[in-house]
2 protein chains.
Amino acid sequence: MRPVVESLEESRIREVANAGMGRKDVLRFWFGESDEVTPEFIRDAAIASLNAGETFYAHNLGLPELRHAIAGYTHSLHPQQPTDHWFDRIAVSSGGVNGLMLASQTLVEAGDEVVVVTPAWPNLVAQPQIMGARVRTVPLTVAANGAWVLDLQALLAAVTPATRLLIVNAPNNPTGWTLSRPEQQAILDHCRRTGTWILADEVYERLYYAGDSANGAAPSFLDVAGPDDRLIVAHSFSKSFLMTGWRLGWLVLPPALTHAVGKLIEFNTSCAPVFVQRAATVALQRGDEVTPALVKHLQACRDTLVPLLQAVPGVTLANPNGGMYAFFRLEGHDDCLDAAKRLVREAGLGLAPGSAFGPEAAGWLRWCFASRDLHRLEQGVERLRGWLEGRPGL
Amino acid sequence: MRPVVESLEESRIREVANAGMGRKDVLRFWFGESDEVTPEFIRDAAIASLNAGETFYAHNLGLPELRHAIAGYTHSLHPQQPTDHWFDRIAVSSGGVNGLMLASQTLVEAGDEVVVVTPAWPNLVAQPQIMGARVRTVPLTVAANGAWVLDLQALLAAVTPATRLLIVNAPNNPTGWTLSRPEQQAILDHCRRTGTWILADEVYERLYYAGDSANGAAPSFLDVAGPDDRLIVAHSFSKSFLMTGWRLGWLVLPPALTHAVGKLIEFNTSCAPVFVQRAATVALQRGDEVTPALVKHLQACRDTLVPLLQAVPGVTLANPNGGMYAFFRLEGHDDCLDAAKRLVREAGLGLAPGSAFGPEAAGWLRWCFASRDLHRLEQGVERLRGWLEGRPGL
């Protein structure tokens, strides 16, 4: 096989999950998904489609009905932009990750330089590597209170005319860091000068708790960029609509790229299943029944977990403004992969090791707080405390 | 965008389909799918899974239950191979095309030489190009009776130690050409000497009408190769189980590659939906209720269509032993893209132009004969006749 494929890291999260095999009572906070089933009315739309026999190939770019629904949704989040150009900029992908891979295939070829802001979801680094790119990372830095912050000048210095693509995920998995509007504007202005494409992974846009925006959502590059800027934004139904397992997402593209991405979809997955797209269409049409309550609940999860964690001796973390993760430093456990494996084996607590997201996050642990039952979060903190105090049997 | 992405051809089949927009009575034989809905018991398995709330992320390589079912299915088709090694060689993909793309990502990097036997499904040429490979094609040749045949010596001469990967689709879309067991053995022996990987697209394996094999299936590279040969075989639920729109397939891999392909799945689609995998598991478990009757019906379709076409003046075609296409030369219509567009506009007959599958197939047309209603095939031939005779309104 190709050396680059061999060198790609296996997910360290899966390594931890494997370490917990055979232990039944594990509290699993390691994966980035809620433990809540997709709402029934969304599942019912897929079932109705299956019953109606919609089991055939469909448009590469997605059902027109779904693309229109996404265009309307996009307009509702970015009302200051012209209303009539979104449809032609939407490509439906087989999951957010698939959209991001399509973006790398569209833009990146062997030898290109790609800059990624880290810590980040490991897929963002792996995808351009699969396309043969040289990836450079620009790490966020840690403030005294445990918040991860962007050194904007360092990022701008790292992006030069030799940089083909800049990949940024904000609100960020795992750190919860978000980009401000002025930072987005500065990055866009800089990339316009260097001719660098921006690939913005904004799948956590709606999971934002700062309360400082009119629509409740995190700042988006779509608010500052025009349709013809070198910008691709990746979205997903997974997080905001409780649809992780459905594998559906979308890209917002400059209109000049949409046709090319449609061709690439043909060569990657051809299309997403119609019955999955019907469910997603209903999810958008009735999104008000899902996302606001979900965000409110996630905020309650965050507000339950974070103070409890902050009170644990040796734990450092700042309150995240976005996403669905508490990302904390655990003093004395720089080998966080080992700590995560021991936590699952010895205390039945399933967390993701920070090192899965970049070397700068060694010593950190990621806790997905998307839990239906707030009590599970409290139980988890008790297990962490007990383990730290040498009472792993707790 | 990357020049190679820009240069990828848009599907000429879609160009023809677009030419037919607005005409309602088109008989559509252009896409490679049956007009039969997926059997109800398969759809019911997906519905039961959705009702049970299986809406979460799943294993990269596929549900163990499904991989076991595929392993058992593979063993039933290749009983002479050891029974206990299939499971570790199976990776579930989001469609056959996605499996083929994963194979290119696993094996091919920029500058590699890839040989493809053509005419072929255009995706087979595009995928290694997306990975930056230089693709050389080895065209089949046409016998006097209109059959497409392999010049084995020409193929072996084209594959040298500089050839990283050989891609073969047999039974072939669009020509119906199939590989014989001795040809497969000769190709494998040669590739063992040159160190070339073989990527065999065998999705039409079960749609085989020659009646010369014990299990009814077409010859497979899995019958002649060992588990550690440089061979990847791509399969799909689309054709043999009437599940085109579900986007599910699988790869059979050397065991040493399975782990790497699992990583690539994480970075491409992460996993296939559980409810889709449940449907596929039931499709395999109760495959005897689907595939044999389907193959029998497709044979009836072929035996209806081919003689009717052969009787049309100017048409040349041989009876295909495999697949679900009648691929015929139409005298005087070397610009088959134009002919296909005119046929749809003027006669309401939707066929795929041969040039979509390689320049050597200019002047040919592909007719997918997977039609529930045999009368539609007869109607289609009448429309072709009428159009050729200048009675397009027929």
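Before any of the text, the structure's been laid out above.
Residues numbered from 1 in each chain as written. Chains lettered and ligands numbered in written order. Predicted model: local features only at pLDDT ≥ 70, side-chain atom pairs only at ≥ 80, totals over all residues. Heavy atoms only, no water.

Caption draft 1: Focus on the nonpolar core. In terms of nonpolar packing, the biggest core is built from 230 residues, with A:Ile187, A:Trp367, B:Ile187 and B:Trp367 touching the most fellow members. Ignoring sequence-local partners within four residues, the contact set of B:Ile187 consists of B:Leu150, B:Leu152, B:Leu155, B:Leu156, B:Leu166, B:Leu179, B:Ile198 and B:Phe221. Core analysis: the second largest hydrophobic core is formed by 66 residues, A:Met131, B:Ala103, B:Val116 and B:Leu264 among them. (Core = buried A, V, L, I, M, F, W, Y, C linked by side-chain atoms within 4.5 Å. Buried < 20%, exposed > 50% of the residue type's maximum accessible area, 1.4 Å probe, protein only. Contact = heavy atoms within 4.5 Å.)

Caption draft 2: Here's a closer look at the pairing of strand β4 (residues 134–139) of chain B. All names here are of chain B. Bridge count for strand β3 (residues 113–118) against β4 is six bridges, and the pairing is parallel. From the neighbouring strand, Thr118 faces β4, where its bridge partner is Pro139. Note that the unit made of β3, helix α6 (residues 123–130) and β4 has a crossover that is right-handed. (Pairing = 2+ DSSP bridges. Helix = DSSP H or I, 4+ residues; strand = E, 2+ residues; numbered from the N terminus. Right-handed = clockwise from strand over helix to strand, strands pointing away.)

Caption draft 3: Region of the structure containing the relation of the copies chain A and chain B. Each copy of the sequence occupies a distinct position, and chain A is placed on chain B by a rotation of 180° and an axial shift of 0.0 Å, giving an RMSD of 0.0 Å. On this basis, the relationship between the two copies can be described by a two-fold rotation axis. Mapped onto chain B, 100% of the interface residues of chain A again fall at the interface, so both copies present the same surface. (Least-squares fit on C-alpha atoms with pLDDT ≥ 70 in both.)

Caption draft 4: Here's a closer look at the interface of chain A and chain B. On the chain B side, the residues contacting the 67 residues of chain A number 68 residues. A buried area of about 5600 Å², summed over both sides, lies between chain A and chain B, and 60% of it is on carbon and sulfur atoms. The interface formed by chain A and chain B holds four salt bridges in total. Linking A:Arg14 and B:Glu266 is a salt bridge whose minimum nitrogen-to-oxygen distance equals 3.9 Å. Inspection of the chain A/chain B interface yields 36 residue pairs in polar contact (both at pLDDT 80 or more). Contributions of two or more residues to the side of chain A that touches chain B are made by α1 (3–7), α3 (40–51), α5 (96–107), α6 (123–130), α10 (255–268) and α11 (274–285) of chain A. Looking at which element gives the most residues to the side of chain A that touches chain B, the answer is α10(A), with nine residues. Of the residues that constitute the side of chain A that touches chain B, the class distribution is 31 nonpolar, 21 polar and 15 charged. (Buried area = accessible area lost by both parts, 1.4 Å probe. Salt bridge = Lys/Arg side-chain N within 4 Å of Asp/Glu carboxyl O. Polar contact = N/O pair within 3.5 Å; in protein donor to acceptor, adjacent residues only side chain to side chain. Nonpolar A, V, L, I, M, F, W, Y, C, P; charged D, E, K, R; others polar.)

Caption draft 5: Spatial organisation of the packing of aromatic side chains. Counted according to the given criterion, the structure contains 25 aromatic pairs over all chains. When the ring of B:Phe327 is compared with that of B:Trp364, the centres are 5.3 Å apart and the planes differ by 20°; the resulting orientation is stacked. In this pair, B:Phe327 is assigned in strand β12 (residues 325–330) and B:Trp364 in strand β15 (residues 364–368), connecting sequence segments 37 residues apart. In this structure B:Phe327 comes out as buried when scored by relative accessible area, which is 3%. Lying over the aromatic face of A:Phe87, A:Arg67 brings its terminal NZ or CZ to 4.2 Å of the ring centre. Here the guanidinium or amino end of B:Arg286 rests over the ring plane of B:Phe41, the centre of that ring lying 3.9 Å away. (Phe/Tyr/Trp six-rings, centres within 6.5 Å; stacked < 30°, edge-to-face > 60°. Lys NZ or Arg CZ within 6 Å of the ring centre and 35° of its normal.)

Caption draft 6: Representation of the sheet that holds strand β11 (residues 315–316) of chain B. Residue and element names in this part refer to chain B. Read across the sheet, four strands follow the order β11-β12-β15-β14 without closing on themselves; strand pairing throughout is antiparallel. Strands at the two margins of the open sheet, each flanked by one partner only, are β11 and β14 (352–353). In the sheet, β12 pairs with β15 via five bridges, with the strands oriented antiparallel. In the sheet register, Arg329 faces β15, and the bridge partner there is Trp364. Its contacts with the sheet place helix α13 (residues 336–347) against β14 and β15, and it is angled at close to 45° to β15. Here helix α14 (residues 374–388) sits on the sheet in contact with β11, β12 and β15, set at roughly 10° to β12. (Axes fitted to C-alpha atoms, helices over the stretch in contact; angles between N-to-C directions.)

Caption draft 7: A look at the side chain of B:Thr178. Residues and elements named next belong to chain B. For Thr178, the location among the structural elements is in the loop between β7 (163–169) and α8 (181–194). Classification of Thr178 as buried rests on a relative accessible area of 16%. Excluding residues within four positions of it along the chain, Thr178 makes contact with Ala170, Pro171, Glu183, Tyr208, Asn321 and Gly322.

Caption draft 8: Layout of unusual backbone geometry. Residue and element names in this part refer to chain A. A cis amide bond links Thr118 to the next residue, Pro119, at an omega of 0°. Locating Pro119 in the fold gives a position in the loop between β3 (113–118) and α6. Unusually for a residue other than glycine, Leu242 sits at a positive phi of about 55°. Locating Leu242 in the fold gives a position in the loop between β9 (231–236) and β10 (249–252). Classification of Leu242 as buried rests on a relative accessible area of 11%.

Caption draft 9: Spatial organisation of the pattern of salt bridges. Residues and elements named next belong to chain B. Scanning the entire structure with this criterion turns up 39 salt bridges over all chains. A salt bridge links Arg278 to Glu65, with the nearest nitrogen and oxygen atoms 3.2 Å apart. With Arg278 in helix α11 (residues 274–285) and Glu65 in helix α4 (residues 64–77), this pair connects stretches of sequence that are 213 residues apart. In this structure, Arg164 engages Asp112 in a salt bridge whose closest nitrogen and oxygen atoms are separated by 3.9 Å. Here Asp112 lies in the loop between α5 (96–107) and β3 and Arg164 lies in strand β7, a separation of 52 residues in the sequence.

Caption draft 10: Helix α8 (residues 181–194) of chain A, seen in detail. All names here are of chain A. Relative to the 20 Å expected for 14 residues at 1.5 Å per residue, α8 spans 20 Å between its end C-alpha atoms, a close match to the ideal helical length. When we look at burial in α8, the residues that qualify are Glu183, Gln184, Ile187, Leu188, His190, Cys191 and Thr194. End-on, the buried residues of α8 take up no more than an arc of 165°, which puts them together on one face. Away from the buried face of α8 by more than 90 degrees, exposed residues Pro182 and Arg193 are located. Those residues of α8 hidden inside the fold are in contact with α7 (152–158), β7 (163–169), β8 (197–201) and α9 (221–224). (Expected span 1.5 Å × (residues − 1). Arc of directions from axis to C-beta.)

Caption draft 11: Inspection of α11(A) at higher detail. Relative to the 16 Å expected for 12 residues at 1.5 Å per residue, α11(A) spans 16 Å between its end C-alpha atoms, a close match to the ideal helical length. Where α11(A) is buried, its residues touch α3, α4 (64–77) and β2 (90–93) of chain A together with α11 of chain B.

Caption draft 12: Structural view of the environment of B:Pro161. Residues and elements named next belong to chain B. Positionally, Pro161 belongs in the loop between α7 (152–158) and β7. According to the relative accessible area criterion, Pro161 is exposed, its value standing at 67%. The spatial distance from the C-alpha of Pro161 to the C-alpha of Cys191 is 8.4 Å, given a sequence separation of 30 residues.

Caption draft 13: Spatial organisation of the sheet that holds strand β8 (residues 197–201) of chain B. Residues and elements named next belong to chain B. Strand order in the open sheet formed by seven strands is β2-β10-β9-β8-β7-β3-β4, with mixed pairing between adjacent strands. The sheet terminates laterally at β2 (90–93) and β4, the two strands that pair on one side only. On average, each strand axis in the sheet is tilted by 20° relative to the strand beside it, whichever way the strands run. In this fold helix α10 (residues 255–268) packs onto β2, β8, β9 (231–236) and β10 (249–252), with an angle of close to 15° to the strand it touches most, β2.

From the geometry alone we can't say anything about function, so treat these as descriptive.
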